[in-house]
Amino acid sequence: MKANYHTHTKRCRHAVGEDREYVEAAIEAGYQVLGFSDHCPWVYPDGFVSHIRMTPAEVDGYFSSLEGLRAEYKRDIRLLIGFEAEYMPSLMEKQDEFLRDYPLDYMILGQHYLGKESGASYAGAVTDDRERLRFYVDLCLEGMRSGRYKYLAHPDLIAYVGDDRVYEMEMRRLCEEMKKMDAVMELNLLGLASGRNYPDSRFWKIARETGNRVIFGVDAHDPRMFADRETPEQARHICQGMDVVEELRGELMR
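All figures in this text were calculated on a predicted structure; none of them were measured in a lab. (Residues numbered from 1 in each chain as written. Predicted model: local features only at pLDDT ≥ 70, side-chain atom pairs only at ≥ 80, totals over all residues. Heavy atoms only, no water.)

Colleague: Would you mind going over the side chain of Asn212 with me for this structure?
Modeller: Among the structural elements, Asn212 can be located in the loop between helix 7 (201–210) and strand 7 (213–217). Residues within four places of Asn212 in sequence aside, it is in contact with Cys175, Met178, Lys179, Met185, Ala207, Met242 and Asp243. (Helix = DSSP H or I, 4+ residues; strand = E, 2+ residues; numbered from the N terminus. Contact = heavy atoms within 4.5 Å.)

Now the structure itself:
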């Protein structure tokens, strides 16, 4: 791998390591492009404080740290500053207003919740509810159609264990609509390495048949993850015959 656009920092409260350690580990592993995309903060009207993302007060430090590292290591690697965020229609205006003056390079869509985080359950929770699956697909597609996000992270996050015919129908709908948009979907290396419910073989069979474009995302929560050579090879085997995007070109905000 020469590029990774899915990198977190300890500000999200479930990652470890200093910003500099991620940069140096990526350089050591031979990466040419490193995009940071920590979990984006939201401006919650009810004052809710998330435990899985940075607070709005930490965003200044996020950008100042990464901009400093970008200048320091400019001869060694190309650094980009982004966010991973959900698509929450009722909160988008406030998020746009909050982020307007930051030098944001890109965002990726990671639909972790089916609604506002406060009061909404995790999208990756095991379910046999077909309406929940349908709503997940609807949100992913609506988010990608908005043009805000450069790719869809772990599109197979939802752990649907109901009727396989329903899964096939809804996920084929997702893949076909993504294909029409020529939008990229991520095969998540963290999920693969740690044995999560994603990558889901059912999903990637559909994506291969549909001819979707795919990118590998380290989803780094620890600098040591960049040294893993085995998991990307496993991912290439899963995506054999698919259009694997090595690097995003002409698809960033700047």
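Colleague: I keep staring at the environment of Tyr73 and nothing clicks. Help me out?
Modeller: Relative to the assigned elements, Tyr73 resides in the loop between helix 2 (59–72) and strand 3 (78–85). Through-space distance from the C-alpha of Tyr73 to that of Tyr44 is 35 Å; in sequence the pair is 29 residues apart.

Colleague: What exactly am I supposed to notice about helix 7 here?
Modeller: Note: α-helices contain 3.6 residues per turn, so residues at a spacing of three or four share the same orientation. Of all the residues in helix 7, the buried ones are Phe203, Trp204, Ile206, Ala207 and Thr210. Taken around the axis of helix 7, the buried residues stretch over an arc of 155°, which confines them to a single face. Here the buried face of helix 7 lies against helix 5 (164–181), strand 6 (184–188), strand 7 and helix 8 (230–238). One side-chain oxygen of the residue at the start of helix 7 lies 2.8 Å from the amide nitrogen of Arg202, identifying that residue as Asp200. Following helix 7 by one or two positions, Gly211 adopts a phi angle in the positive range, close to 85°. (Buried < 20%, exposed > 50% of the residue type's maximum accessible area, 1.4 Å probe, protein only. Arc of directions from axis to C-beta. Polar contact = N/O pair within 3.5 Å; in protein donor to acceptor, adjacent residues only side chain to side chain.)

Colleague: What's the story with the side chain of Asp156 in this structure? I'm lost.
Modeller: Here Asp156 lies in the loop between strand 5 (151–152) and helix 5. In this structure Asp156 is buried but unpaired, with Arg202 as the nearest side chain of opposite charge at 8.8 Å. At 2.9 Å, the side chain of Asp156 and the side chain of Trp204 are in polar contact. (Lys, Arg positive; Asp, Glu negative; His and termini not counted. Salt bridge = Lys/Arg side-chain N within 4 Å of Asp/Glu carboxyl O.)

Colleague: Looking at this structure, I do not really get unusual backbone geometry. What am I missing?
Modeller: Note: most peptide bonds trans; most residues except glycine with negative phi. Along the chain, Tyr198 connects to Pro199 via a cis peptide bond; the corresponding omega equals 5°. With respect to the helices and strands, the residue Pro199 is situated in the loop between helix 6 (189–194) and helix 7. Positive phi is not limited to glycine here, since Asp182 has a value of about 55°. Take Asp182: it is sitting in the loop between helix 5 and strand 6. With a relative accessible area of 48%, Asp182 lands in the partly exposed category. Even without being glycine, Asp219 reaches a positive phi, approximately 50°. Relative to the elements of secondary structure, Asp219 occurs in the loop between strand 7 and helix 8.

Colleague: Is there a simple way to think about the pairing of strand 6 in this case?
Modeller: The side chains of a regular strand alternate, residue by residue, between the two faces of the sheet. Most of strand 6 sits out of view: 5 of its 5 residues are buried. Residue alternation in strand 6 divides its side chains into two sets, Val184, Glu186 and Asn188 and Met185 and Leu187, and both sets are buried. Pairing analysis gives 2 bridges linking strand 5 to strand 6, with the strands arranged parallel. Across the sheet, the residue bridging to Tyr151 is Val184, located in strand 6. You can see the chain leave strand 5, run along helix 5 and come back into strand 6, and the turn it takes is right-handed. By the bridge criterion, 5 bridges tie strand 6 to strand 7 in an arrangement that is parallel. Across the sheet, Asn188 pairs through a bridge with Gly217, a residue of strand 7. (Pairing = 2+ DSSP bridges. Right-handed = clockwise from strand over helix to strand, strands pointing away.)

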